[in-house]
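Residue strings, one per chain:
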Amino acid sequence: MKIMRFIGIVFALFSAGSPSDTSAQDSGKKYKVYMVSNSHLDTQWRWDVKATIDDYLYNTAVQNLALLEKYPHYVFNFEGAVKYEWIKEYYPHLFERIRKFVADGRWNISGASFEANDPNMPSSESFIRNILLAQEFYKKEFGIKSKDMFLPDCFGFSQVMPTLGHHCGLIGFSTQKLSWRKHDFFPDAPYHKKNPFSWGVWYGIDGQSLMAAFDTGGYTAELPADAGYNKDFIRRASNGFDNTAMRYYSGGHLHGTTNCGDKGNSGTVTTARRMAEAMADPDAPVQLISATSDQLFLDYMDRRDELPTYDGELLMDVHAGGCYTSQGAMKYYNRRNEELLGAAERAAVAADWLGAKPYDRAKLNEVWQRVLWHQFHDDLTGTSIADAYRYSWNDELISLQQATEVMTAAVGALSHSLDTRVKGTPVVVYNPVTYDLRDPVEAEVPLDARAKGVAVYAPSGRRVAAQILSREGDRARILFAADVKAAGYAVYDVRPASGVAKSSALKASERTLENRIYRVELDANGDIRSIRDKRAGREL
């Protein structure tokens, strides 16, 4: 009997079938756990991106390829299209080996993201681009698209995620981070009171939803011995729908291995053997499935209406909360790039539509990709070492410059399609935002050095408020009030004037400044003593 059992284990180790042979089926066992092997790799954190490319990315690819080649049951999950791009660029021989296992369904493209982004600060446009550009890369390189959001290690999750994920065609989301909460957010929950449920359905702000797994355990956890009998697995499964759970695992710290998460790496020969033994044990109460990160969602898609639900935000309380006020420059650059890329996109589309300039898809995608990978949850948030931000700030500034170039070229080309026949100098004003805007505009224009003032006229012919800020010879820098429709263009007429236009509404004296809305008074030291709202009749 002992000899037969030994032979059975050896057969499982060396002859286990493909992942499809281990899919969720009615095995007759009481509990079921989807085991998701992963190697979470921070592109920057306590190291910079150079170390990631030189060491951690290479190690992760080599170690997991070795396990995949030796153990037919082994399934590996890895997220972040930018990391795949780097593997292709720096280690093309490894990339070709990865292609084979992706085609076999054993190296799983997890996460549907260009990078594992912070879910709270990026704009919705960034979130969608993150998914779109990743899926385009995966389709081109592997002939597939990812189906899930895979974010093991972020600092809270906005309720916009299910909405955006659903509209991008995704079906599920998983993380382990909410279990790090200090407080019990769900005191009435029957099981894990830091999560609304083990796994179920999470609803977004518009009523759309994703299937979601929250009680997944640590992404660096090792696979324990006798996993098919493990009490923790039984406990987790018994508190999940249909006695089922999802569990992340890696190599833990077996045989001296370290940094199996954050620095990537992989499971070990020991964990691979333990998985094979557990899968082959007919007496174990737990059915272990060597799974992709989306397999639980796919297997239960036809039963999602039976799952527990949650409708709300899923934010952290203590862990990493301070990151959202650190590295202010990084956050500023990121937001400026989001705004500039939106402005450049709208200008480029309009110029292409009018036949003025072809849409520069390649350049815009290049800039977006550079911005997106720095939205990584340890980069944009401000939790990385100082040396990492030398790379981050450099990329952000390059992106600002390139986005500005795209926008300026598009607006310049489109200007030739506008009617610029005016009496003076035409100035084309572009409103880059998606709402009507009335705002001061600065422009450098040719202006006769003899002119004592400047007059600016709107497209309607109405003269608008304007002044000269500075001048040098026959050129002047002016400021004028512009009113332009959302994402629109307007041609203003700039002419020399014999004097400075006087405003009947503006009055100034030695210590007062007043218009039709406010009256400001200064004291003897030149400090503001009073600001009064004349409309409301009260002191501000």
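Residues numbered from 1 in each chain as written. Predicted model: local features only at pLDDT ≥ 70, side-chain atom pairs only at ≥ 80, totals over all residues. Heavy atoms only, no water.

Draft legend 1. Focus on the overall build of the protein. For the protein, the count of helices and strands is 12 helices and 24 strands. Scaling as 2.2 N^0.38, a compact globule of 540 residues should have a C-alpha radius of gyration of about 24 Å, whereas the protein reaches 30 Å, well beyond that. Its C-alpha atoms put the protein at 110 × 55 × 45 Å along the principal axes. Of the roughly 25,200 Å² that the protein leaves accessible, carbon and sulfur atoms contribute 52%. Of the charged side chains in the protein, 64 are positive and 68 negative, and the gap between their average positions amounts to 4 Å. (Helix = DSSP H or I, 4+ residues; strand = E, 2+ residues; numbered from the N terminus. Rg over C-alpha atoms; globule rule 2.2 N^0.38 Å. Areas by Shrake-Rupley, 256 points an atom, 1.4 Å probe, with all protein chains shown as cover. Lys, Arg positive; Asp, Glu negative; His and termini not counted. Charge placed at Lys NZ, Arg CZ, Asp CG, Glu CD.)

Draft legend 2. Here's a closer look at the packing of helix α5 (residues 124–142) against helix α11 (residues 361–373). With their axes 10 Å apart at the nearest point, α5 and α11 run at an angle of 110° to one another. The angle between α5 and α11 places the two elements in the roughly perpendicular class. The chirality of how α5 crosses α11 is left-handed. On α11, the residues that touch Glu125, Ser126, Arg129, Asn130, Leu133 and Glu136 of α5 are Asn365, Trp368, Gln369 and Leu372. (Axes fitted to C-alpha atoms, helices over the stretch in contact; angles between N-to-C directions. Parallel < 35°, antiparallel > 145°, perpendicular 65-115°, else oblique. Left-handed = near helix turned anticlockwise from the far one by under 90°. Contact = heavy atoms within 4.5 Å.)

Draft legend 3. Up close: unusual backbone geometry. In the Ramachandran plot, Ala112 falls in the positive-phi region, its phi being about 50° despite a non-glycine side chain. Here Ala112 lies in the loop between β3 (107–110) and α5. The phi dihedral of Asp226 is positive, around 50°, even though this residue is not glycine. When you line up the elements, Asp226 lands in the loop between β8 (209–213) and α7 (231–238). The exposed category is assigned to Asp226, whose relative accessible area is 59%. (Buried < 20%, exposed > 50% of the residue type's maximum accessible area, 1.4 Å probe, protein only.)

Draft legend 4. Inspection of the packing of aromatic side chains at higher detail. The final tally for this structure, using the stated rule, is 29 aromatic pairs. Both rings, one in Tyr58 and one in Tyr91, keep their centres 5.2 Å apart while their planes meet at 55°; by these two values the pair is tilted. With Tyr58 in helix α2 (residues 49–70) and Tyr91 in the loop between α3 (81–90) and α4 (92–103), this pair connects stretches of sequence that are 33 residues apart. Linked through ring pairs, Phe76, Phe78, Tyr84, Phe95, Trp107, Phe137, Tyr138 and Phe142 together constitute an aromatic cluster. Lys177 extends its terminal NZ or CZ atom over the ring of Trp180, reaching a point 3.5 Å from the ring centre. (Phe/Tyr/Trp six-rings, centres within 6.5 Å; stacked < 30°, edge-to-face > 60°. Lys NZ or Arg CZ within 6 Å of the ring centre and 35° of its normal.)

Draft legend 5. Fine view of the sheet that holds strand β16 (residues 463–464). Pairing in this open sheet of four strands is antiparallel, and the strands run β13-β19-β15-β16 from one edge to the other. Where the open sheet ends on each side, the last strands, each with one partner, are β13 (425–430) and β16. Relative to strand β19 (residues 489–497), strand β15 (residues 453–457) is paired through five bridges, and the arrangement is antiparallel. Note that in β19 the partner of Val456 across the bridge is Val494. (Pairing = 2+ DSSP bridges.)

Draft legend 6. Highlighting the packing of helix α10 (residues 328–353) against α11. Where α10 contacts α11, the two axes come as close as 11 Å, and the packing angle between them is 165°. The angle between the axes of α10 and α11 places the two elements in the roughly antiparallel class. Regarding α10 and α11, the two cross each other, and that crossing is left-handed. Across from Asn334, Asn337, Leu341, Ala344, Glu345 and Ala348 in α10, the residues of α11 making contact are Leu364, Val367, Trp368 and Val371. The class makeup of the residues in the contact of α10 with α11 is seven nonpolar, two polar and one charged. (Nonpolar A, V, L, I, M, F, W, Y, C, P; charged D, E, K, R; others polar.)

Draft legend 7. Main features of the pairing of strand β1 (residues 31–37). The buried fraction of β1 is high, at seven of seven residues. A two-sided burial pattern is seen for β1, the buried positions comprising Tyr31, Val33, Met35 and Ser37 on one face and Lys32, Tyr34 and Val36 on the other. The pairing of β1 with strand β9 (residues 244–249) spans six bridges and is classified as parallel. Across the sheet, the residue bridging to Lys32 is Thr244, located in β9.

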